[in-house]
There are 4 protein chains.
Amino acid sequence: MADSFDLRCPVVTPMNEDGSVDLDGLETLVDYLVSSGIDGLVPCGTTGEFSALTDEERRAVVETTVDAAAERVPVMAGVGGTAVGEVRRHVSEAEAVGADSVLVVPPYFGGQSSADGNEAFFRAVLDDSPLPAYLYNIPQTVGQELQVDAVAELADHDSVVGIKDSGGDLTYFGDLLRRTPDDFEVHQGWDAAYLPSLAMGADGGINALSHVCPDAFHEVAEAVAGGDLERARRHQRETIDPVFEFCRDHGFAPSVKAALAHRDLVDSGTVRPPLDSLRGEAFDELVTVLD
Amino acid sequence: MADSFDLRCPVVTPMNEDGSVDLDGLETLVDYLVSSGIDGLVPCGTTGEFSALTDEERRAVVETTVDAAAERVPVMAGVGGTAVGEVRRHVSEAEAVGADSVLVVPPYFGGQSSADGNEAFFRAVLDDSPLPAYLYNIPQTVGQELQVDAVAELADHDSVVGIKDSGGDLTYFGDLLRRTPDDFEVHQGWDAAYLPSLAMGADGGINALSHVCPDAFHEVAEAVAGGDLERARRHQRETIDPVFEFCRDHGFAPSVKAALAHRDLVDSGTVRPPLDSLRGEAFDELVTVLD
Amino acid sequence: MADSFDLRCPVVTPMNEDGSVDLDGLETLVDYLVSSGIDGLVPCGTTGEFSALTDEERRAVVETTVDAAAERVPVMAGVGGTAVGEVRRHVSEAEAVGADSVLVVPPYFGGQSSADGNEAFFRAVLDDSPLPAYLYNIPQTVGQELQVDAVAELADHDSVVGIKDSGGDLTYFGDLLRRTPDDFEVHQGWDAAYLPSLAMGADGGINALSHVCPDAFHEVAEAVAGGDLERARRHQRETIDPVFEFCRDHGFAPSVKAALAHRDLVDSGTVRPPLDSLRGEAFDELVTVLD
Amino acid sequence: MADSFDLRCPVVTPMNEDGSVDLDGLETLVDYLVSSGIDGLVPCGTTGEFSALTDEERRAVVETTVDAAAERVPVMAGVGGTAVGEVRRHVSEAEAVGADSVLVVPPYFGGQSSADGNEAFFRAVLDDSPLPAYLYNIPQTVGQELQVDAVAELADHDSVVGIKDSGGDLTYFGDLLRRTPDDFEVHQGWDAAYLPSLAMGADGGINALSHVCPDAFHEVAEAVAGGDLERARRHQRETIDPVFEFCRDHGFAPSVKAALAHRDLVDSGTVRPPLDSLRGEAFDELVTVLD
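Residues numbered from 1 in each chain as written. Chains lettered and ligands numbered in written order. Predicted model: local features only at pLDDT ≥ 70, side-chain atom pairs only at ≥ 80, totals over all residues. Heavy atoms only, no water.

A. Just the overall build of chain A, in detail. A tally of regular secondary structure across chain A gives twelve helices and eight strands. What you see for chain A is a C-alpha radius of gyration of 18 Å, in line with the 19 Å of a compact globule of 291 residues. Taken over the C-alpha atoms alone, chain A extends approximately 45 × 45 × 35 Å along its principal axes. The buried share among the 291 residues of chain A stands at 64%. Of all intrachain contacts in chain A linking residues separated by at least 6 positions in sequence, the fraction that spans at least 24 positions is 71%. Total accessible area on chain A stands at roughly 10000 Å², and carbon and sulfur atoms take up 43% of it. Seen as two clouds, the 19 positive and the 53 negative side-chain charges of chain A have centres 2 Å apart. (Helix = DSSP H or I, 4+ residues; strand = E, 2+ residues; numbered from the N terminus. Rg over C-alpha atoms; globule rule 2.2 N^0.38 Å. Buried < 20%, exposed > 50% of the residue type's maximum accessible area, 1.4 Å probe, protein only. Contact = heavy atoms within 4.5 Å. Areas by Shrake-Rupley, 256 points an atom, 1.4 Å probe, with all protein chains shown as cover. Lys, Arg positive; Asp, Glu negative; His and termini not counted. Charge placed at Lys NZ, Arg CZ, Asp CG, Glu CD.)

B. View of the nonpolar core. Membership of the largest hydrophobic core comes to 407 residues, with the highest contact counts inside it found for Leu 41 of chain A, Leu 41 of chain B, Leu 41 of chain C together with Leu 41 of chain D. Non-local contacts of Leu 41 of chain B, meaning those with residues more than four positions away in its chain, are made with Cys 9, Val 11, Val 30, Leu 33, Val 34, Thr 65, Ala 69, Val 73, Pro 74, Val 75 and Met 76 of chain B. (Core = buried A, V, L, I, M, F, W, Y, C linked by side-chain atoms within 4.5 Å.)

C. Main features of the UniProt feature "binding site: pyruvate" (unreviewed entry) in chain A. Residue and element names in this part refer to chain A. UniProt's entry tags Thr 47 and Ile 206 with the feature "binding site: pyruvate" (unreviewed entry), counted in the numbering of this structure. What stands out for the annotated residues spanning 160 residues is how close their C-alpha atoms remain, the widest pair being 10.6 Å apart. Structurally, the position occupied by Thr 47 is in the loop between β2 (40-41) and α2 (55-69). With residues up to four places along the chain from it excluded, the contact list for Thr 47 reads Pro 10, Val 11, Val 12, Thr 13, Ala 208 and Ala 253. Given a relative accessible area of 1%, Ile 206 falls into the buried group. Setting aside its immediate chain neighbours within four residues, Ile 206 contacts Arg 8, Pro 10, Val 42, Met 76, Lys 164, His 187, Gln 188 and Gly 189. (UniProt positions renumbered as here; feature names shortened; annotations may be inferred.)

D. Representation of the packing of helix α9 (residues 214-225) of chain C against helix α10 (residues 229-250) of chain C in the model. Residues and elements named next belong to chain C. In contact at an axis separation of 7 Å, α9 and α10 are set at 160 degrees when each is read in the N-to-C sense. With respect to α10, the axis of α9 lies roughly antiparallel. In terms of crossing hand, the pair formed by α9 and α10 is left-handed. Note on element contacts: α10 touches α9 through Leu 229, Arg 231, Ala 232, His 235, Gln 236, Thr 239 and Ile 240, opposite Ala 216, Phe 217, Glu 219, Val 220, Glu 222, Ala 223 and Val 224. Of the residues contributing to the contact of α9 with α10, the split by class is eight nonpolar, three polar and three charged. (Axes fitted to C-alpha atoms, helices over the stretch in contact; angles between N-to-C directions. Parallel < 35°, antiparallel > 145°, perpendicular 65-115°, else oblique. Left-handed = near helix turned anticlockwise from the far one by under 90°. Nonpolar A, V, L, I, M, F, W, Y, C, P; charged D, E, K, R; others polar.)

E. The arrangement of the sheet that holds strand β2 (residues 40-41) of chain C in detail. All names here are of chain C. In space, the eight strands of this open sheet follow the order β2-β1-β8-β7-β6-β5-β4-β3, with parallel pairing throughout. Whereas interior strands pair on both sides, the edge strands pair on one side only; in this sheet they are β2 and β3 (76-78). Note: strand β7 (residues 185-188) against strand β8 (residues 204-206), two bridges, orientation parallel. Paired with Gln 188 across the two strands is Gly 205, which belongs to β8. (Pairing = 2+ DSSP bridges.)

F. Region of interest: the interface of chain D and chain A. Contacts between the two partners involve 34 residues from chain D and, on the opposite side, 34 residues from chain A. In this assembly, chain D packs against chain A so that about 2400 Å² is buried in total across both faces, 60% of it on carbon and sulfur atoms. Linking chain D with chain A are two salt bridges. For Glu 56 of chain D, the salt bridge is made with Arg 89 of chain A, and the minimal N-O distance between the two is 3.6 Å. Inspection of the chain D/chain A interface yields eight residue pairs in polar contact (both at pLDDT 80 or more). When residues of the side of chain D that touches chain A are assigned to their parent elements, the largest contribution, five residues, is made by helix α4 (residues 115-126) of chain D. (Buried area = accessible area lost by both parts, 1.4 Å probe. Salt bridge = Lys/Arg side-chain N within 4 Å of Asp/Glu carboxyl O. Polar contact = N/O pair within 3.5 Å; in protein donor to acceptor, adjacent residues only side chain to side chain.)

G. Examining helix α12 (residues 280-290) of chain D more closely. All names here are of chain D. Turning to α12, its buried residues number three or more, namely Ala 282, Leu 286, Val 287 and Leu 290. The buried residues of α12 occupy an angular sector of 145 degrees when projected down its axis, which confines them to one face. For α12, the exposed residues lying more than 90 degrees away from the buried face are Glu 281 and Thr 288. Check the buried side of α12 and you find it contacts α10 (229-250) and α11 (252-262). (Arc of directions from axis to C-beta.)

H. The pairing of strand β7 (residues 185-188) of chain A, seen in detail. Residue and element names in this part refer to chain A. Two strands pair when backbone bridges link them, and strand β6 (residues 160-165) and β7 are joined in this way by four bridges, in the parallel orientation. Directly across from Lys 164, in β7, lies its bridge partner His 187. A crossover connection joins β7 to the parallel strand β8 (residues 204-206) through helix α8 (residues 194-200); in handedness this β-α-β unit is right-handed. (Right-handed = clockwise from strand over helix to strand, strands pointing away.)

I. Seen up close, unusual backbone geometry. The peptide bond linking Pro 273 of chain A to Pro 274 of chain A adopts the cis configuration, its omega dihedral lying at 15 degrees. Positionally, Pro 274 of chain A belongs in the loop between α11 (252-262) and α12 (280-290). Of note, Glu 49 of chain B is a non-glycine position whose phi angle comes to about 55 degrees, a positive value. Within the secondary structure layout, Glu 49 of chain B lies in the loop between β2 (40-41) and α2 (55-69).

J. Fine view of the environment of Pro 106 of chain A. Residue and element names in this part refer to chain A. Within the element layout of this structure, Pro 106 appears in the loop between β4 (101-104) and α4 (115-126). Judged by relative accessible area, Pro 106 falls into the buried class, the value being 3%. When residues no more than four places from it in sequence are discounted, the contact partners of Pro 106 are Asn 118, Phe 122, Tyr 136, Val 142 and Leu 146.

K. Representation of the relation of the copies chain D and chain A. Of the transformation placing chain D onto chain A, the axial shift is 0.0 Å and the rotation is 180 degrees, giving an RMSD of 0.0 Å. Both copies are brought into coincidence by an operation consistent with a two-fold rotation axis. Among all residues of chain D, the one whose C-alpha sits closest to the rotation axis is Gly 143 of chain D, at a distance of 2.7 Å. When you check the interface residues of chain D against chain A, 100% turn up at the interface there too, and the contact is symmetric in its surfaces. (Least-squares fit on C-alpha atoms with pLDDT ≥ 70 in both.)

L. Structural detail: the interface of chain D and chain C. Facing 25 residues of chain D, the contacting portion of chain C comprises 25 residues. In this assembly, chain D packs against chain C so that about 2100 Å² is buried in total across both faces, 50% of it on carbon and sulfur atoms. On the chain D side of the contact with chain C, Thr 171, Arg 178 and Arg 237 of chain D bury the most area, a combined 29% of that side's loss. Between the two partners, chain D and chain C, sit four salt bridges. The salt bridge partner of Glu 245 of chain C is Arg 178 of chain D, with a shortest N-O separation of 3.3 Å.

M. Spotlight on the packing of aromatic side chains. Counted by the stated rule, this structure contains 30 aromatic pairs over all chains. A ring pair is formed by Phe 244 of chain A and Phe 252 of chain A, whose centres lie 5.5 Å apart and whose planes are at 55 degrees; its orientation type is tilted. For Phe 244 of chain A, a relative accessible area of 2% translates into the label buried. The structure contains a cluster of three or more aromatic residues connected by ring pairs, namely Phe 50, Tyr 108 and Phe 109 of chain A together with Phe 50, Tyr 108 and Phe 109 of chain D. (Phe/Tyr/Trp six-rings, centres within 6.5 Å; stacked < 30°, edge-to-face > 60°.)

N. Here's a closer look at the relation of the copies chain D and chain C. When chain D is fitted to chain C, the residual RMSD is 0.0 Å, and the transformation amounts to a turn of 180 degrees plus an axial shift of 0.0 Å. Most of the interface of chain D is mirrored in chain C, where 100% of its interface residues again form contacts.

O. Molecular detail of the UniProt feature "active site" (unreviewed entry) in chain A. Residues and elements named next belong to chain A. Taking the UniProt record as the reference, the feature "active site" (unreviewed entry) is found at Tyr 136 and Lys 164. In sequence the annotated residues extend across 29 residues, while in space they remain close, none of their C-alpha pairs exceeding 4.8 Å. Assignment of secondary structure puts Tyr 136 in strand β5 (residues 133-137). A relative accessible area of 3% places Tyr 136 in the buried class. Not counting the four nearest positions on each side in its chain, Tyr 136 is found in contact with Thr 46, Leu 103, Val 104, Val 105, Pro 106, Ile 163, Lys 164 and Ser 166. Of note is the side chain of Tyr 136, whose polar atom sits 2.6 Å from the side chain of Thr 46. Within the element layout of this structure, Lys 164 appears in strand β6. A relative accessible area of 5% places Lys 164 in the buried class. If near-sequence neighbours (up to four positions away) are discounted, Lys 164 is found in contact with Pro 10, Leu 103, Leu 135, Tyr 136, Asn 137, His 187, Gly 189 and Ile 206.

Structure, rendered in structure tokens:
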């Protein structure tokens, strides 16, 4: 476990109404996020719609994030891909533009891969990696859980420093904590599991809703650290959970972007297909939940 | 939320080697459980193999449990069934033999029932119920989650006082806490989720592993109440979680019965089909985990 | 494989508007079904809502069906249950009232039972059975597929003569045909799979939609037997499939009962909870599909 | 429906033992497949491990296949990707190297995308497409079924000429046939469903096992066309199904490559991670199934 709790934001990729990437908007957003007290930035994650970006766009998004962060907070670049050669190229580019670490998702056209097969994929990607790496469990989009056995093996790899778990299964999360060394970082990525994960001993959170209600996350962390579970529950239940419930029903990237647009923090709530931008009644409902 | 934490045991149904119910063994086991500091007994739950017992056996098991408990702790009787008429009969019999409350599972030959359909089932079962009732969410055997919407509606029913949630999904558990009144009791039934559930504000636990390591459950509850999360984690991870992992892989009723037989607390680890009794290597592995 | 194709009806249990069983209505319905050319009757199956009936009601439904059939067609009685002792009692009662065979579903509060466990359950139920028995695969309500390995073992059992497969997975269905002896009967219970199952060599169908469009089923069987696949496809696609699609979306028992009520073949479309009776727009849509 | 049945091979990508692509081996393999009577070639599909290849490798594989086919049979190039811009680039490259059509899989890092979202993705990819396109349903690796509603809408698109369905669900397959125009081609990609799909009116098959037992596929097609279902069943059950069962358990690409290596049709059975190459006992078992 790390010494102090660490909250990072999986940054959305702002887009213009025609769907092109808005790098200026990203710069402004990064400034806002840093000023809100976030401990780190994670561009090109799932909320960042990495899988809908071309290679050139992904490089530009990471570079812009690094430049805008200006060493105030570290940048963990998402480098997801299904081919070892492509992912290695993304890692090199992340290093070239100044990212501090990378976030690597298992091959997501894999169906039910074996633990050995997933481990072999990560070893092929990360041997001699120029940057430290975090594994990334997100079964709802990958199609399977990254096996705890594979994580436990990879925890000893020189380049692997931790994992982001966005699956929302706290039994799995507990198994990660139990079966990896103390200095292996375990980050919670499922916002509804924030409080219980802190109680279980999580090292940090990489949470999409830190775009929307960063203060509530800080309050929960402080309250848990201070032993005031009642206060922690209040912030989790009253602030984080209602927004989370909306996002789960309507999609995280579309909902977070719509919330940011509603607050004039980005110009447009546009997302790329297969995601649907939030419109009409759903947008009105979001405004009610936020206000 | 209740004022103090409440740990109940979903009692196994001891069986002789030929598979017949061992009521004398049940009496002895109840004495042991009460002496171990348990706050309540739940016969004819899932761990009690209710679905493998005939109606006559179920009545005898509840009656024996009530008599052996001798008012030292309350008895919540499992009354699972799929036909309204049958479940109502089980409720009447539970009342007749002296149970304090009942635990009612949704109709488990239902596939994907609507929230309205499940709610209608519970209303038909519980209108004018002679005993207070707990709902029971256990999707892994029922085939679906009892919808939070249905629970929220039923929380206002005169006879409904709480729920046991054994699904292991803490987002669902959090939704229960958030969407029901404060005096509606929410009990955790998935042992691996014990610590985080306490942190989230659970009212109690109905945990199969309280047969095996009751002290660890008490330690966790005390530590959480006292704000010592580090101590709570130690007992959860070092004592409860390894046994839980074994049970999840080998079945709860077979594993718990085998553990009790190993400690001479019941005569035999026999279970009924479709469950398989624990034997050979699996049994040896359990002994290693326990000792 | 049997010599000629065999179509049986999994008879609904007619109910009065207050939800009580309408045995007179059942008698009339049986007469109608026999006159429509059906080869057999299957009361107390899934479409017959067996799981919502008390033991007394189940006995009465089977007895009424047998009496009304008056030996014109055989009766296969559903005897589903989760406790060996209960299922054996249902088998005895089916024999006592004159049923010709029984249909036995795996224990449906079982979650993920092993193949050995399921096999042990069926052996305990069927050893010395007074009636020949059909196994019943219906994972959508049981929670798991009855393993092909278990079926292959049970195919040798003296009392086991065949299986009804309602899972809709034709790879599984093909495995059944391939891995059981030629005289083991394999019946298709998923109406949308009727034509392809005949092509694969099914021995029969036990199809809920035979209540609604029996002629189409006869046409498909005749056309396949005569090598006219084009004609078979026409009847399957134009008549059976649209009704099937409606039923899949709205439930088989509610939809079939509503269709029968619309045609005055039963007095009411009432079903028991957790099923919802078909009403309003959904009912109007059904009428459009039927007419 | 097309006038005559069409069997295409989703060609594996031969690799050297160090995992590099063996383009010479691919050339030889294409010659063998054409001589075996296949009606078309599909490089860079799932069996071709497209998701494990870099962009440069994918281009080389398609080009080599086109050149080796030498206009004897058409080439449908897999162009899978998750970003619209990337997939459009793959389509352009497929056209540049001479492919006849493309096969487009839904975005596979999408989780549960809406029908509208999937439709929007395909429209963005295929508007003004230089090549005719086939949709590709393969939920086991994509994480969701491509909705029939989306397919029905896209069937009218100028560039969309058909679909390959590898999901193995024949109810879905029947819905495709029922809800698309007669000239929309529906191809079966799940080998175990070959016979029943022909009976249902499929236009063709794109089947990995055509690498291994092409004659059996031709026999089944001929037998169904001639009305001899008994003969068709014999070839499906005795030849195709046992190999299929092995492949389903051990992976299609690893098993097919091992079978080809065993017959000296490729130099090595090597696959890329996360797939595991077939070795030891599994390989011996395959040899038994094949011989």
